[in-house]
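Single-letter residue listing:
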Amino acid sequence: VPPERVRNFSIIAHIDHGKSTLADQLLIKTDTVENRDMQAQYLDGMDLERERGITIKLNTARMKYKAKDGQIYALNLIDTPGHVDFSYEVSRSLAACEGCLLVVDASQGVEAQTLANVYLALDNDLEIIPVINKIDLPGADPERVKREIEEVIGLDCSNAIMASAKQGIGIEEILEEVVRRIPAPADNRGRPSRALIFDSYYDIYKGVIVQFRVMDGELRRGDLVKFMNTGTEYDVLELGVLSPKPVEVDALYAGEVGYLAASIKQVADARVGDTITLKKQPAETALPGYTEVQPMVFCGLFPTDADQYPELREALLKLQLNDAALRFEPEVSSAMGFGFRCGFLGLLHMEIVQERLEREYDLDLITTAPTVVFKAIKNNGEEIIVDCPSKLPEANRLNSISEPYVRLEVITPKEYVGSIMELAQQRRGEYVDMQYLTETRTTLVYKMPLAEVVTDFFDALKSRSRGYASMEYSITGYRENDLVLLNIKINAETVEPLANIVHRDNAYYVGKALVKRLKELIPRQQFKVPIQAAIGNRVVASENIPALRKDVLAKCYGGDISRKKKLLKKQAAGKKRMKSLGKVDVPQEAFMAVLQIN
Ligand code: GTP
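Residues numbered from 1 in each chain as written. Predicted model: local features only at pLDDT ≥ 70, side-chain atom pairs only at ≥ 80, totals over all residues. Heavy atoms only, no water.

Naming follows an unreviewed UniProt entry, where the protein chain appears as Translation factor GUF1 homolog, chloroplastic of Micractinium conductrix. UniProt, in its Function (unreviewed entry) section for the protein chain, records the words "Promotes chloroplast protein synthesis. May act as a fidelity factor of the translation reaction, by catalyzing a one-codon backward translocation of tRNAs on improperly translocated ribosomes." Under the Sequence similarities (unreviewed entry) heading, UniProt states for the protein chain: "Belongs to the TRAFAC class translation factor GTPase superfamily. Classic translation factor GTPase family. LepA subfamily." (UniProt positions renumbered as here; feature names shortened; annotations may be inferred.)

Okay, structure coming up:
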């Protein structure tokens, strides 16, 4: 297809504003998929995504559209993941486009994620077409939302499209506007070939399927290609477009979007943002914007049953084939035995991986509380990356500790501003800015340690705003702080997975609350169990779990058999998620207790 008849675009929206529903409508309207084939929301492929109702992995679809000008166009819809953990992938998808649809819910208005996505679109110089969705809702107020978009984003909304993805209103108009307003890709067919990878996923039969946008030149089946940043080379075995099912083609030219398969073993070998060029006539420089994503959040994963360790390793290796951001390395702890220290982009990414390990691989895991990556400087000047609190060198050998900071942006109805400011302060937030978006809604900006955000900040925000506030954050860098290692001892033994790095000012409070919570969570044993929180050798809080009274079960003997069975069954179920630390059984919840004490 010649560039003048190609349009590359994506849809950006806040979660739940109707992106997937709209994408489905575009596919139906262009006869790309038939209505009866349409599983609810074609573009959201994975089960987990459907269940959680959020797009995690990207997909693209090429649609054939006969416009009112009589020409047939190839419209490439490039889907973007809808979560802050995956913003690098969003930025690379947008880099593959010339324009985007900005979908805003007519009953809600601009939210934090709308803004974050718009900034990314502006960074990539995209033509933005505003679409006011859900105009069928009784609470819809399209005029207010238009004003909001104009005031907050500075985007002209005089020709915003009024739509209802649910009822199929405005769909044709959207397709026409995509053709009319989004620029055709530049005609770079004569240049040395370069293609931008914006997504890749693993297929058990074909190896990694690489999705790309040809920026310059062309790619053909049979070409020997080189990935410029990873330096690897492959023969292109299959070339095609997704529509959304794969359709093979012989060649793809500058401006077009497609996929290739080349027996690539894992997605880490075909990284998002990398540039594909030809081995024979390579381009001089790679396309800009490539970064290797770094995991920001770490946790320990331990099988409850030590025999499952090899299975856990196999499962992690398999997941990694399809997840370039997942990191793991073996971790041995005297308390927990053998397991893995795993790194993730953020909390959602972490939860998804845990859930898949348990559901798809049938593993029983103990997960330790997530921590961020600290940097420590020793007295001799050596810098140490601390992705696990127990790796922190002893205090007397430490010069300083720094932690990652984020710029946090919250959008909320104004009546919750006070309560949210209080929350931000509790979480060591530093006020940066506050602005009224409209008469009723406000945006708040804070600098905050990432560690405070990855605990239950989002939940706390939601509960303080009755679900109305939205948030977004981006990492800004590291900052030195007065941080200390808080150790937890159970039955006089240090339990490394319960250790935390906390601000000195909070150490006493956190220690006290954590010890108290552990006392509630750890079941009584046959003997008294002391629990202590300590900084170095100094105990800052302690509690005792009293010994079990022996007659609890005894009551059942000889008596009601069914009750006894029930009790034993309950005990067995409880055991599943227990880890024996020395002589003490500790349930899964205890390892997450630190998340609940703010
Ligand atoms: P993510 O995948 O998380 O980014 O969400 P999304 O933006 O794709 O939202 P989705 O399409 O899943 O829609 C969210 C909810 O809004 C669903 O329950 C849809 O049925 C509903 N919805 C979408 N469009 C409309 C609309 O035009 N009118 C009404 N009333 N509901 C809509």
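Text resumes after the structure shown.
J.: What exactly am I supposed to notice about the packing of aromatic side chains here?
T.: How two aromatic rings sit relative to each other is set out by the distance from centre to centre and by the angle between their planes. One pass over the structure, following the stated rule, counts five aromatic pairs. Look at Y309 and F340: their rings are 4.9 Å apart centre to centre, the planes differ by 5°, and that puts the pair in the stacked class. One end of the pair, Y309, is in helix α7 (residues 309-321); the other, F340, is in strand β19 (residues 337-344), and 31 residues separate them in sequence. Assigned by exposure class, Y309 and F340 land together as buried. Where Y431 meets Y446, the ring centres are 5.9 Å apart and the plane angle is 85°; that geometry is what we call edge-to-face. Residue Y431 is found in strand β25 (residues 430-436), and its partner Y446 is found in strand β26 (residues 441-449); the two are separated by 15 residues along the sequence. These aromatic residues form a ring-pair network of at least three members: Y309, F328, F338 and F340. When the ring centre of Y478 is taken as origin, the NZ or CZ atom of K375, which lies over that ring, is 4.1 Å away. Between the NZ or CZ atom of R479 and the centre of the ring of Y405, over which it lies, the distance is 4.0 Å. (Phe/Tyr/Trp six-rings, centres within 6.5 Å; stacked < 30°, edge-to-face > 60°. Helix = DSSP H or I, 4+ residues; strand = E, 2+ residues; numbered from the N terminus. Buried < 20%, exposed > 50% of the residue type's maximum accessible area, 1.4 Å probe, protein only. Lys NZ or Arg CZ within 6 Å of the ring centre and 35° of its normal.)

J.: For this particular structure, what's the right way to read helix α8 (residues 347-360)?
T.: In an α-helix there are 3.6 residues to a turn, and that puts residues three or four apart on one side. The end-to-end C-alpha separation of α8 is 20 Å, in line with the 20 Å expected for 14 residues at 1.5 Å each. For α8, the set of buried residues is L348, H349, M350, I352, V353, Q354 and L357. With its phi angle positive at about 55°, D362 sits one or two positions after the end of α8. (Expected span 1.5 Å × (residues − 1).)

J.: What exactly am I supposed to notice about the packing of helix α3 (residues 87-95) against helix α4 (residues 112-123) here?
T.: Angle between the axes and distance between the axes: these two values describe a pair of packed helices. Two elements in contact, α3 and α4, have axes whose closest approach is 9 Å; the angle formed by their N-to-C orientations is 40°. Classed by the angle they form, the pair α3 and α4 counts as oblique. As α3 runs across α4, the sense of the crossing is right-handed. Contact with α3, carried on its side by S87, V90, S91 and L94, involves N117, L120 and A121 of α4 and no other residues of that element. Along the lines of polarity and charge, the residues of the contact of α3 with α4 split into four nonpolar, three polar and no charged. (Axes fitted to C-alpha atoms, helices over the stretch in contact; angles between N-to-C directions. Parallel < 35°, antiparallel > 145°, perpendicular 65-115°, else oblique. Left-handed = near helix turned anticlockwise from the far one by under 90°. Contact = heavy atoms within 4.5 Å. Nonpolar A, V, L, I, M, F, W, Y, C, P; charged D, E, K, R; others polar.)

J.: Got a minute to help me understand the pattern of salt bridges in this structure?
T.: Once the charged atoms of two side chains with opposite charge are near each other, the side chains can pair. Overall, the coordinates contain 35 salt bridges when judged by the stated rule. A salt bridge links E148 to R441, with the shortest nitrogen-to-oxygen separation between them at 2.5 Å. One end of the pair, E148, is in helix α5 (residues 142-153); the other, R441, is in strand β26, with 293 residues separating them in the sequence. Given a relative accessible area of 8%, R441 falls into the buried group. A salt bridge links D187 to R189; the nearest nitrogen and oxygen atoms lie 2.9 Å apart. On the basis of relative accessible area, R189 is assigned to the partly exposed category, the value being 34%. A network of salt bridges, in which partner residues are shared, links E111, D141, R144, E148 and R441. (Salt bridge = Lys/Arg side-chain N within 4 Å of Asp/Glu carboxyl O.)

J.: Would you explain the sheet that holds strand β16 (residues 275-278) in this entry?
T.: What links the strands of a sheet is backbone hydrogen bonding, and the strands pair in either a parallel or an antiparallel sense. The eight strands lie next to each other as β11-β10-β16-β7-β8-β15-β12-β13, forming an open sheet whose pairing is antiparallel. Across the chains shown, the open sheet's two edge strands, defined by having one partner strand only, are β11 (233-235) and β13 (246-248). Taking the axes of each pair of neighbouring strands and ignoring which way they run, one obtains an average angle of 40° across the sheet. Bridging between strand β10 (residues 224-227) and β11 involves three bridges; their strand directions are antiparallel. Bridge pairing in β11 links K226 to E233. Those strands touched by α3 are β7 (194-203) and β8 (207-216), and its axis lies near 130° from that of β7. (Pairing = 2+ DSSP bridges.)

J.: Please explain α4 as it appears in this structure.
T.: The end-to-end C-alpha separation of α4 is 17 Å, in line with the 16 Å expected for 12 residues at 1.5 Å each. Residues A112, Q113, T114, L115, N117, V118, L120 and A121 constitute the buried set of α4. Phi turns positive one or two residues past the end of α4, at D125, with a value near 55°.

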